[in-house]
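Understanding the architecture of this molecule
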Amino acid sequence: MIIIMSNEVTDGQIDAVTAKLQKMGLDANISRGVERTVIGAIGDEQKLDKEALQALPGVEEVIRVMKPYKIVARSYHKSDTVVDIGGVKLGGNQVQVIAGPCSVETQPQMDAAADAVAAAGCKLMRGGAFKPRTSPYSFQGTGVEGLEMFRNAAQRYNLPIVTELMDARMLDTFLEHKVDVIQIGTRNMQNFDLLKEVGRTHVPVILKRGMSATISEWLMAAEYIAAGGNHNIIFCERGVRSFETYYRNMLDVTAIAVLKKETHLPVIVDPSHAGGKAWMVPALSRAALAAGADGLLVEMHPTPCEAWCDADQALSPEQLNTLMGELRGIAQVIGREIA
Ligand SMILES: [Mn+2]
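All values reported here derive from a predicted model rather than from experimental measurement. (Residues numbered from 1 in each chain as written. Predicted model: local features only at pLDDT ≥ 70, side-chain atom pairs only at ≥ 80, totals over all residues. Heavy atoms only, no water.)

**Notes on the overall build of the protein**
Heads up, the condition is: A run of DSSP states H or I qualifies as a helix once it reaches four residues; a run of E qualifies as a strand once it reaches two. Both are numbered from the N-terminal end. The rule is simple: take the accessible area with a 1.4 Å probe, protein chains only, and divide by the maximum for that residue type; under 20% is buried, over 50% is exposed, in between is partly exposed. Contact between two residues is taken to exist if any of their heavy atoms lie within 4.5 Å; hydrogens are not considered. Residue-level accessible areas treat just the shown protein chains as cover; the underlying method is Shrake-Rupley with a 1.4 Å probe. Counting rule applied: Lys, Arg positive; Asp, Glu negative; His and chain ends not counted. By convention, the point assigned to a charge is CZ for Arg, NZ for Lys, CD for Glu and CG for Asp.
Helix and strand counts for the protein stand at eleven helices and 15 strands. Projected onto its principal axes, the C-alpha coordinates of the protein cover approximately 75 × 45 × 40 Å. The burial tally for the protein puts 53% of its 339 residues in the buried class. Contacts in the protein between residues at least 24 apart in sequence constitute 68% of all its contacts with a sequence separation of at least 6. Element-wise, carbon and sulfur atoms account for 52% of the exposed surface of the protein, whose accessible area totals about 15,100 Å². If you average the places of the 34 positive and of the 40 negative side-chain charges in the protein, the two averages end up 2 Å apart.

See below:
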């Protein structure tokens, strides 16, 4: 950490900063320039309290040198982490497309969805049983019964299931139903108690980006999960809120490149909630894969116009099939494997 002192700093103020650092268990390296005095804190930065230093007289600015996240950082683990989801690998060279409906509705709907997911060649299936809806009067999901319908449909093709957990009180139910991947939605990215709870399990977690979260906040949210011992984390970019109203959210393709540099963990993209319209999904999916995403989370419904939720952004089974063909072509060009 670097502490920049103001121009009129006194020796007494410099001594006070040095004493404070020593009290925190660090050494101080004082460098007096013509205009400024800068104090370098030597030692474990984790022990430092930035705000306490900032508050001292004569201190102008305190700058962290180390990243605040550790386990999720690329510096902690140089090579790409591959997350194993019931034998299905995601990350490294392996790209996965996770497809399925926004929400679990009925058993026939889930059976038809599983048929389409498997037919398109996808190895993982998504579906929401517990739905975080903007309005309390909208359909809230089929709950535990939905988990059962989902499992029944997916197991016919050995498709691991991906579903959203909104409330820590439902975690045991998720574990009993052997949910293969727990999704933490955009609205819960900074629900730290929920993150701590999933951090205590070893179930892979898809951590969606908060709709207005910075990359640093997102990495810190993942660190909450990792700090509990669960390192099976997959980042999911799903678009951020912008001034534009033409589409639902603005897909941040730049975030893919940044995350691939900052973390060893896999990064996937949800093009459905980014664009918010089915016709945008193929273009956004192709862009994401080309930009280095390790996978996609795509909404597909057997009959999109009958979907109970997010009907206008769901692909049809035929559209998913076509998209998979295009993605295989891109994967080949950039030297990646796609299921
Ligand atoms: Mn949805």
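Read on, since the account is not over.
**Things to note about the coordination of the manganese ion**
Let me state the cut-off plainly: For Na, K and Ca the donor cut-off is 3.2 Å, while for other metals it is 2.8 Å, and in both cases only N, O and S atoms qualify; water is not among them, so sites may look incomplete.
Around the manganese ion, the protein supplies Cys102 (SG), His273 (NE2), Glu299 (OE) and Asp310 (OD) as donor atoms, at distances of 2.1 to 2.4 Å. Sequence positions of the donors to the manganese ion reduce to the motif C-x170-H-x25-E-x10-D. Taken together, the positions of Cys102 in the loop between β7 (94–100) and α3 (107–119) and Asp310 in the loop between β14 (295–299) and α11 (317–333) put the pair 208 residues apart, joining distant regions of the chain.

**Comments concerning the side chain of Thr173**
As for its position among the elements, Thr173 is in helix α5 (residues 171–176). For Thr173, a relative accessible area of 16% puts it in the buried group. Setting aside residues up to four positions removed in sequence, Thr173 forms contacts with Val144 and Leu147.

**Looking at the packing of α3 against helix α4 (residues 143–155)**
Note the following rule: With axes taken as lines fitted to C-alpha atoms, and helix axes fitted only over the stretch in contact, angles between N-to-C directions fall between 0 and 180 degrees. Here a crossing is called left-handed whenever its near helix is offset anticlockwise from the far helix by less than a right angle, and right-handed whenever the offset is clockwise. Each residue receives one of three labels: charged for Asp, Glu, Lys and Arg, nonpolar for Ala, Val, Leu, Ile, Met, Phe, Trp, Tyr, Cys and Pro, and polar for the others, Gly being one of them.
Interhelical geometry of α3 versus α4 gives an angle of 35 degrees and a closest axis separation of 8 Å. Pair α3 / α4 crosses with right-handed handedness. Residues Gln107, Met110, Asp111 and Ala114 of α3 pack against Met149, Phe150, Asn152, Ala153 and Ala154 of α4. Per-class residue counts for the contact of α3 with α4 are six nonpolar, two polar and one charged.

**Side note on the sheet that holds strand β2 (residues 27–32)**
Our working definition: Two strands make a pair as long as DSSP finds a minimum of two bridges between them.
If you trace the four strands from one edge of the open sheet to the other, you get β2-β3-β1-β4, paired in antiparallel fashion. The open sheet has two edge strands with one neighbour each: β2 and β4 (59–63). Across the sheet, the mean angle from the axis of one strand to that of its neighbour is 20 degrees, orientation sign disregarded. Pairing geometry for strand β1 (residues 2–5) and strand β3 (residues 37–42), over three bridges, is antiparallel. If you follow Ile3 over to β3, its bridge partner there is Ile39. Strands β1, β2, β3 and β4 of the sheet are contacted by helix α1 (residues 11–23), whose axis makes an angle of about 155 degrees with β2.

**Considering the domain arrangement of the protein**
Rules: Reported domain spans reflect what an automatic or database domain assignment gives.
Assigned domains of the protein: these are domain 1 (2–63) and domain 2 (83–338). For domain 1 and domain 2, the distance between their C-alpha centres works out to 45 Å.

**Digging into the pairing of β1**
The pairing of β1 with β4 spans four bridges and is antiparallel. For Ile4, the partnering residue across the bridge sits in β4 and is Glu61.

**So, a nonpolar patch on the surface**
Note the following rule: Exposure above 30% relative accessible area and no salt bridge define the residues that can form patches, which grow by joining like charges within 9 Å and nonpolar side chains of Val, Leu, Ile, Met, Phe, Trp and Tyr within 5 Å. One side-chain nitrogen of Lys or Arg within 4 Å of one carboxyl oxygen of Asp or Glu is enough to make a salt bridge.
Nonpolar side chains collect at one region of the surface, where Ile2, Ile63, Val65 and Met66 lie side by side and expose about 340 Å² of accessible area between them. Mapped onto the elements of the fold, Ile63 is located in strand β4.

**Considering the nonpolar core**
To keep it simple, the criterion reads: Among buried residues, those of type Ala, Val, Leu, Ile, Met, Phe, Trp, Tyr and Cys that are joined through side-chain atoms within 4.5 Å constitute a nonpolar core.
One finds Met125, Ile182 and Leu207 to be the most contacted residues of the largest nonpolar core, which totals 72 residues. The element that contributes the greatest number of residues to this core is helix α7 (residues 215–227), accounting for seven residues. Non-local contacts of Ile182, meaning those with residues more than four positions away in its chain, are made with Thr163, Leu165, Leu171, Phe174, Val198, Val203, Pro204, Val205 and Ile206. Core analysis: the next-biggest nonpolar cluster, separate from the first, contains 16 residues, Met24, Ile39, Leu56 and Val62 among them.

**Considerations on the pairing of strand β12 (residues 233–237)**
A regular strand carries its side chains on alternate faces of the sheet. Rule in force here: For the handedness criterion, the strands are oriented away from the viewer, and a crossover whose path from the first strand over the helix to the second runs clockwise is classed as right-handed.
When you tally the buried positions in β12, you get five out of five residues, the bulk of the element. In the sheet, β12 pairs with strand β13 (residues 267–269) via three bridges, with the strands oriented parallel. Each bridged residue has a counterpart across the sheet, and for Phe235 the counterpart in β13 is Val267. Traced from β12 through helix α8 (residues 253–262) to β13, the parallel crossover comes out right-handed.

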